Amino acid sequence: MTKQSSITADDARFPLSKLTLSEMNPRQNAPVAEVEELAESIWTAGLIQNLAGIIDGAGGAEIVAGGRRLRALQLLAERHPDLAQERPELASPPVRIAPDLSTAQAWAVAENAARRDLHPADEIRAYGKMERSGATPTVIARAFAVTEKSVCRRLALAGLPEAVIDALAANEITLNAAACFTISDDAARSVELLEQCRGENWSDHQIKKALKPDAVKDSDRRAQFVGIEAYQAAGGRIGGDLFAEETLLDDPEILATVFAERLAEHAQTYMRDGWKWVDVSEDDYLGYWFLQEHGFARIYKEEGELSPEQSQRFSDLSELAEADALDAEGQGELDALNAVRDGTYTETQKAHAGLILYVDRQGALQTCEGLIRKGDKAGAVAAGILETSHHGTDETPKCPISQKLREDLARVSQGARQHAALRDPDLLIDLLAYQLSHDLRWSKPFGLSTEDVPNWPTTEGEGYALDARLTEDLPRDMYGKDLAKSFRAFRQKGAEHVRGELVRFLAAQLRGGDEKLAALIEKETQPRTREVWTPNAANFFGRVGGAYLSDLWRDLLDLSAEHPTGTSFDKLKKAEKAAKLEALFHGDPDLRSALGVTDAQAAKIDAWLPEGMQ
């Protein structure tokens, strides 16, 4: 038989009455339900795949591949006596005729091996036609022997403009590119863009951006803040990428309007709380530079005091929070106690100050409170809620300030803060301990950076053990957390805890300094390497040569070159030598007894270190 690739086959049409199921067809029986579902599919979408058979010599053909389709067609003929007039293409279906018996047998054995898979465009059209006729995805999946998920994904593309499906069928765009067009309900725009990207290998992002250049994702902070329902209630339209599973907001102007209205509503709420003024900002963050740029002075809440019982409860809850072991009820109680400690703005403060509302990157409402405008500073000073400025008055004539001068003034302000901090050394020490024990990233209070001072070898396993304070509880990740509340909870644990955190993280940063300083530190601390490290097969003996191990064995046991204990050790494999030395160093009593280890030799073994270690 020739190779499959060289076989030629012709298609011919036969009346159903002239078609029979070949004995070569392996599917001599088919479930009635499957045949009925397939008949429904063929009636709706047509015969997508031809039958395959061989001439029977009596003017007909025996079907070797496509037995279910033949039964479905015969069922349609029973249900529709006028099938030849209603659907002539089904009454006389096309059959691919095998050129010889060998080919027919090969097709029969493989059943549908000679059949090509449907092109995605053909699937989209066929599934869509069946769905429009009332078929469910389950029925379609059974009829085409595919999964329901596959059917649903194809049906999602069935509503695309016909030109897009035609381009997919012609392989002028990919299936992924076709899927991108589902985000748009503007058929004219889709066809226009199709002409631009046809055969140009545009990326998915390019197509989506071109279809909806102004669309906003539902992950946008404004969308998160106002909510999709409020946006839709205002007339906003929703689109989406069915395959990327993301929602798109098609009317950014409506989103902006709803966002501004919602911020204004919150502003009115704060105005009713007694503030002199409330502004809103479109920014997602208001930093120190913003306050300086706009000339704001800032005042702070008058802190409250906790009772002794509340202080103890606050300490207990804070400890649980630090250990991430606080439940929702406990967190609520801790927040209430924090609110007491945070204090409140007095009515007098609010009468001279205001706040700015903004929405952060996560879509959460934030406030920048206690701000006093330039024109209100004199009144605030007179009311005793703001100290007189030592840098001139508001009446000082304005003059251009260069960037360099601005930087110098910022340095002066920073110097003033540092000068004031000297008056509270305990605060500085607490802050340092807090910074070292918490991963604060760019929010760290000190301009200090820690380095990796390696203290752990690459080998794992026994033989090395440091104080747990150097190896446990790495700096906690504080991203997105309220650092002020966290720091207050940290200090609440007391001076002993603060000092302990400071000591252990400073110890982990110890490098030693220059030779003289390192010598002084070692004299004070008296480090003993063997206190934390014992050589074993993994961390040392297995990483040096066999001759080195033999020499070490003789040296530790005071053996001569010809001593039997030494010569028998020489004959061992390297792994065996390493194992015996490990047992010797780990104080195996049987081995030491067998070797007759003296007290002096035991002391030498217990103190031994490789060359270069101290």
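Source: prediction; values computed, not measured.

Participant: Provide a residue-level description of the nonpolar core, including the pertinent values.
Facilitator: If you look at the biggest cluster of nonpolar residues, it comprises 24 residues, and the most contacted ones within it are L255, I299 and I372. For this core, the secondary-structure elements that each account for two or more residues are helix 13 (221-226), helix 15 (252-271) and strand 11 (354-359). Top contributing element to this core by residue count: helix 15, with 5 residues. Excluding its chain neighbours within four sequence positions, the residues that come into contact with L255 are V216, D220, R222, A223, V226, Y231 and L249. The next biggest cluster of nonpolar side chains, apart from the first, holds 22 residues, and it includes I124, L157, A177 and L211.

Participant: Can you lay out the packing of helix 27 (residues 546-557) against helix 31 (residues 599-607) for me, pointing to particular residues and giving the numbers?
Facilitator: Each pair of packed helices can be summarised by the angle the axes make with each other and by the distance between the axes. Between helix 27 and helix 31, the least distance of the axes is 9 Å, while the angle of their chain directions is 135°. What the angle tells us is that helix 27 and helix 31 run oblique. Two secondary-structure elements touch here, helix 27 through D555, L556 and L557 and helix 31 through Q601, K604 and I605.

Participant: Tell me about the sheet that holds strand 4 (residues 61-65), residues and numbers included.
Facilitator: One open sheet holds the 5 strands; their spatial order is 1-5-3-4-2, and the pairing between them is mixed. Either end of the sheet is taken by a strand with one partner, and the two such strands are strand 1 (10-13) and strand 2 (19-21). If you compare each strand with its neighbour and ignore which way they point, the axes differ by 45° on average. The pairing of strand 3 (residues 51-55) with strand 4 spans 4 bridges and is antiparallel. Bridged to G53 within strand 4 is I63.

Participant: Give a detailed account of the confidence of the model for the protein, specifying residues and quantitative values.
Facilitator: Here the protein shows a mean pLDDT of 81. Residues at 70 or above account for 86%. Low pLDDT (under 50) marks residues 112-116, which in the prediction has 8 contacts with non-local residues, meaning those over four places away or in another chain. Scored below 50 in pLDDT, residues 390-399 shows 3 contacts in the model against residues more than four places distant or in partner chains.

Participant: Give a description of the packing of aromatic side chains that names residues and reports values.
Facilitator: Scanning the entire structure with this criterion turns up 11 aromatic pairs. Ring centres 4.3 Å apart and planes at 10° place the aromatic pair W553 and F569 in the stacked group. Of this pair, W553 sits in helix 27 while F569 sits in helix 28 (residues 564-570), placing them 16 residues apart in sequence. Residue classification places W553 among the buried positions, given a relative accessible area of 1%. Against the face of F314 rests R341, its NZ or CZ located 4.6 Å from the ring centre. Note that R373 overlies the ring of W277, its terminal NZ or CZ placed 3.9 Å from the centroid.

Participant: Account for helix 11 (residues 187-197), with residues named and values stated.
Facilitator: Residues of helix 11 that are buried include every one of S190, L193, L194 and C197, and no others. Down the axis of helix 11, the buried set is contained in an arc of 110°. They therefore lie on one face. The elements touched by buried residues of helix 11 are helix 9 (162-169) and helix 12 (204-211). Put simply, D186 is the residue that caps the front of helix 11, since its side-chain oxygen is 3.3 Å from the backbone nitrogen of A188.

Participant: Can you break down the pattern of salt bridges residue by residue, with the values?
Facilitator: All chains considered together, the criterion is met by 21 salt bridges. Residue E36 is joined to R79 by a salt bridge in which the shortest nitrogen-to-oxygen separation is 3.9 Å. One end of the pair, E36, is in helix 1 (residues 32-45); the other, R79, is in helix 2 (residues 67-79), and 43 residues separate them in sequence. R79 gets classed as partly exposed once you look at its relative accessible area, which sits at 47%. Residue K604 is joined to D558 by a salt bridge in which the shortest nitrogen-to-oxygen separation is 3.0 Å. A residue pair is termed long-range when its members are at least 10 positions apart, and K604 in helix 31 and D558 in the loop between helix 27 and helix 28 qualify at 46 residues. K604 sits in the partly exposed class, given a relative accessible area of 31%. In this structure, a network of salt bridges that share partners links the residues R125, E162 and D166.

Conventions and cut-offs
Residues numbered from 1 in each chain as written. Predicted model: local features only at pLDDT ≥ 70, side-chain atom pairs only at ≥ 80, totals over all residues. Heavy atoms only, no water. Core = buried A, V, L, I, M, F, W, Y, C linked by side-chain atoms within 4.5 Å. Buried < 20%, exposed > 50% of the residue type's maximum accessible area, 1.4 Å probe, protein only. Helix = DSSP H or I, 4+ residues; strand = E, 2+ residues; numbered from the N terminus. Contact = heavy atoms within 4.5 Å. Axes fitted to C-alpha atoms, helices over the stretch in contact; angles between N-to-C directions. Parallel < 35°, antiparallel > 145°, perpendicular 65-115°, else oblique. Pairing = 2+ DSSP bridges. pLDDT = per-residue confidence, 0-100. Phe/Tyr/Trp six-rings, centres within 6.5 Å; stacked < 30°, edge-to-face > 60°. Lys NZ or Arg CZ within 6 Å of the ring centre and 35° of its normal. Arc of directions from axis to C-beta. Polar contact = N/O pair within 3.5 Å; in protein donor to acceptor, adjacent residues only side chain to side chain. Salt bridge = Lys/Arg side-chain N within 4 Å of Asp/Glu carboxyl O.

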